[in-house]
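Listed here are the chains, written in short residue letters.
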Amino acid sequence: MTNGTDDSPSRLANFLTPTSLDRFLSEYYDNVPLHVSADDAASDRQELMDSATVSALLRNTVHWPEPGLKLVANGQSIASAHYHSLRELANGAQQVPNADLIEGLMRMGATLIIDGLEDRVPPLRRLCEALGRQFAAKVGVNLYASQSGVAGFASHCDPHEVFAVQCEGEKVWRIYANRADRPVSGTILRDQQAIDRAKGPVAYEIRMQPGDLLYIPRGYYHDALATGGSSLHLTFGVQPLYGLAIFDLLRDLARNDTRIRAYFPSANDGSRLEQHLDQIAEIVADLIRKPGLREDIAVKQRLLAGRGSAEPTSSSDRIFSRTGLRAHVEQPSSGSVLVLGGKREPAGFLSDAAHWALSQSSFTSFQIEARFAHHPRGEVNALLDLLLKHGAFVEQRPN
C-alpha cells in the first residue's frame, strides 16, 4: 500500500469503462463474456503497451525466468537456441535472448509470448494490483505480439478469469457456446480433439481493435484468429482462491488436535475405522466454522492480491526496540491471539506481522510496512500501537 490514497477503484473503473463495476459484477462476472469497444468511451487501455515498449523490454532485459519468454510458430514452440546468443555478463558468458533474432523470427511469422509482464512494467503491476484487490485474487499479465498474419491459437479454456486488451492491430476472437464446469489447472482437457468435440458451436465472434476489452469467464472455450496483419494484445489472468485451498489451510489447524494425530484403526476392524472417520468428519466440520480458518483464508487472499510497495511515511522513520516482556503469537482454531505478558489480545489478520515483529530485537516502521505490504497500513499501525501499549516494545526517535 502506498503512502497516498489507494487509487485501485478509479484504475479499475477506467479499465472497464463504460461498463460500471457494479454492472460488471452483477451481470457478467463468472457468468457471460463481455466485449467493450474502445469507441464506446474514453479509456487509456490502448496505452497499456505498444511495440516500442516491447522492443525496449527485449533489448534492456538480460534474464527472463524460464519459460517467461518464448516464441511460437504454427502452434509449436520454437527452440530457444534459435533466438538466444552468447553474451559476456558480469558472472561469465551465458546464453541470453537476442532481441534482433527475436524480431527477425517475428517478421517470419512467429508469435512472441511474454509471461509475468507485471513484474517488469509498473503500470501493468498497478492494474494487476487493482484487479487483485477487487477479486481477492492472484493476477498476472501476458503479452502476445506478432508482426504478420499467423495461425490462430488453438481452442482451449482457462482455469481463471481472462481480460484481454487489444493494444495494436486487430485480432478475431471466437467464444464457443459450451463451458467447462469450473475447471482448475489439473482438470482442463489437453487433447485437442476432445476440446473440439466439447466446445460446441461459435456463440460470439468478436473483432478486437486497439483499446477494446474482452472478458471471458473461466471455462468458456475460445480461440484467437489471425487477421493478416500485426497484432499486440495483453491478457490478464485473474485467479481467486477456490475450495481446494481449504485442504491446505485445514492441515495446520487440524494438526493441533490430538484426535487428528491418532493412528487410524486397522481396516480389518471396519466398525472402529468407521467411528474414527466419523469423529474426524465432525472435527473438520467444526474447524471449518471457526474464526481461525476464516483468518487464514483472508490472509491468503491478501497475499495473492498484493498491496503494492510501501513508501516511507516521513523522513523520520519510527524505530521500535524489543523489551524483555514475554510475548508470542498463538493461532488456535478460535482465532489468532497475541499473548503479551499476562494479557491476551486478538491478532486478527496480522498474526504473520506480529510473529515477525516479536522475533526482532529492533525494526523500523518502514521495514514492517514494506515486509507486510499486503496488509493495510492502518492495521499495521494499530498492531504497532498495541505492542507499545503492552510494553513489548519501546519507541525510539532517530538522532
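Residues numbered from 1 in each chain as written. Predicted model: local features only at pLDDT ≥ 70, side-chain atom pairs only at ≥ 80, totals over all residues. Heavy atoms only, no water.

Q: What am I meant to see in the overall build of the protein here?
A: Regarding its fold elements, the protein presents 13 helices and 20 strands. In terms of its C-alpha atoms, the protein occupies a principal-axis envelope of roughly 75 × 70 × 50 Å. For the protein, restricting intrachain contacts to residue pairs at least 6 apart in sequence, the fraction spanning at least 24 positions comes to 79%. The positive charge centre, built from 41 side chains, and the negative charge centre, built from 47, are 5 Å apart in the protein. (Helix = DSSP H or I, 4+ residues; strand = E, 2+ residues; numbered from the N terminus. Contact = heavy atoms within 4.5 Å. Lys, Arg positive; Asp, Glu negative; His and termini not counted. Charge placed at Lys NZ, Arg CZ, Asp CG, Glu CD.)

Q: Honestly, the sheet that holds strand S20 (residues 393–396) in this entry has me stumped. Any pointers?
A: Within a sheet, each strand pairs with its neighbour through backbone hydrogen bonds, oriented either parallel or antiparallel. Strand order in this open sheet of three strands is S19-S15-S20, and the pairing throughout is antiparallel. A single partner strand is all that each edge strand has here, and the edge strands are strand S19 (362–364) and S20. Pairwise comparison of adjacent strand axes, ignoring direction, gives a mean angle of 25° for this sheet. In this structure, strand S15 (residues 319–322) lies alongside S19, joined through three bridges in antiparallel fashion. (Pairing = 2+ DSSP bridges. Axes fitted to C-alpha atoms, helices over the stretch in contact; angles between N-to-C directions.)

Q: What exactly am I supposed to notice about the pattern of salt bridges here?
A: In a structure, side chains of opposite charge can pair up when their charged atoms sit close to one another. On inspection of all chains with the given rule, the structure shows 17 salt bridges. Asp-248 is paired through a salt bridge with Arg-251; the nearest N and O atoms lie 3.2 Å apart. Pair noted here: Asp-248 and Arg-251 are both in helix H7 (residues 245–254), with a separation of three residues, about one helical turn. Salt bridges sharing partners connect three or more residues here, namely Arg-59, Asp-100 and Glu-103. (Salt bridge = Lys/Arg side-chain N within 4 Å of Asp/Glu carboxyl O.)

Q: So what exactly am I meant to see when it comes to the packing of H7 against helix H9 (residues 270–288) here?
A: The description of two packed helices rests on the angle between their axes and on the distance between the axes. Contact geometry for H7 and H9: axes closest at 11 Å, N-to-C directions at 105°. When the axis of H7 is compared with that of H9, the two are roughly perpendicular. Note on element contacts: H9 touches H7 through Val-284, Leu-287 and Ile-288, opposite Ile-246, Leu-250, Leu-253 and Ala-254. (Parallel < 35°, antiparallel > 145°, perpendicular 65-115°, else oblique.)

Q: When you look at the nonpolar core in this model, what are you seeing that I'm missing?
A: Side chains of nonpolar character tend, in soluble globular proteins, to be buried together. Within the largest apolar cluster, 45 residues are counted, with the highest numbers of intra-cluster contacts made by Phe-15, Leu-112, Phe-163 and Phe-236. Each residue touching Phe-15, except ones within four places of it in the same chain, is listed here: Arg-45, Leu-48, Leu-127, Leu-131, Phe-163, Val-165, Leu-213 and Phe-236. Core analysis: the next-biggest nonpolar cluster, separate from the first, contains 22 residues, Leu-340, Leu-358, Phe-372 and Ala-392 among them. (Core = buried A, V, L, I, M, F, W, Y, C linked by side-chain atoms within 4.5 Å. Buried < 20%, exposed > 50% of the residue type's maximum accessible area, 1.4 Å probe, protein only.)

Q: What should I look at first to understand the confidence of the model for the protein in this one?
A: Any residue range with low pLDDT should be treated as having predicted coordinates unsuitable for detailed reading. Averaged over all residues, the pLDDT of the protein equals 90, while 93% of them reach at least 70. Looking over the protein, one finds the lowest element-wise mean pLDDT in strand S8 (residues 153–156), namely 85, and the highest in strand S12 (residues 213–216), namely 98. (pLDDT = per-residue confidence, 0-100.)

Q: Looking at this structure, how should I read the packing of H7 against helix H10 (residues 291–305)?
A: At a closest axis distance of 10 Å, the pairing of H7 and H10 adopts a crossing angle of 130°. By the angle between their axes, H7 is oblique relative to H10. In the packing of H7 onto H10, the handedness of the crossing is right-handed. Here Ile-246, Leu-249, Leu-250 and Leu-253 of H7 lie close against H10, whose contacting residues are Gly-292, Leu-293, Asp-296 and Ile-297. Taken together, the residues of the contact of H7 with H10 sort by class into six nonpolar, one polar and one charged. (Left-handed = near helix turned anticlockwise from the far one by under 90°. Nonpolar A, V, L, I, M, F, W, Y, C, P; charged D, E, K, R; others polar.)

Q: It is not clear to me how a nonpolar patch on the surface should be interpreted in this structure. Could you clarify?
A: There is a patch of nonpolar side chains on the surface, built from Tyr-242, Leu-244 and Phe-247 and spanning about 310 Å² of accessible area. Here Leu-244 lies in the loop between strand S14 (231–240) and H7. Since its relative accessible area comes to 49%, Leu-244 is described here as partly exposed. (Patch = residues over 30% accessible without salt bridge, like charges linked within 9 Å, V, L, I, M, F, W, Y side chains within 5 Å. Areas by Shrake-Rupley, 256 points an atom, 1.4 Å probe, with all protein chains shown as cover.)

Q: Looking at this structure, how should I read the environment of Leu-232?
A: By the element assignment, Leu-232 lies in strand S14. For Leu-232, a relative accessible area of 2% corresponds to the buried category. With 37 residues separating them in the primary sequence, Leu-232 and Ile-195 have C-alpha atoms 26 Å apart. Sequence-distant contacts of Leu-232, that is, excluding residues within four places in its chain, are made with Met-49, Asp-50, Ser-51, Val-54, Leu-143, Tyr-144, Ala-145, Val-165, Gln-166, Cys-167 and Glu-168.

Q: How do you make sense of the pairing of strand S13 (residues 220–225) when you look at a structure like this?
A: The side chains of a regular strand alternate, residue by residue, between the two faces of the sheet. For S13, the buried fraction is high: five of the six residues fall into the buried class. Where S8 lies against S13, two bridges are found, and the strand directions are antiparallel. Following the sheet pairing, His-156 is matched in S13 by His-222. In this sheet, S13 lies alongside strand S10 (residues 171–179) in antiparallel orientation, the contact comprising five bridges. Bridge pairing in S13 links Val-172 to Leu-225.

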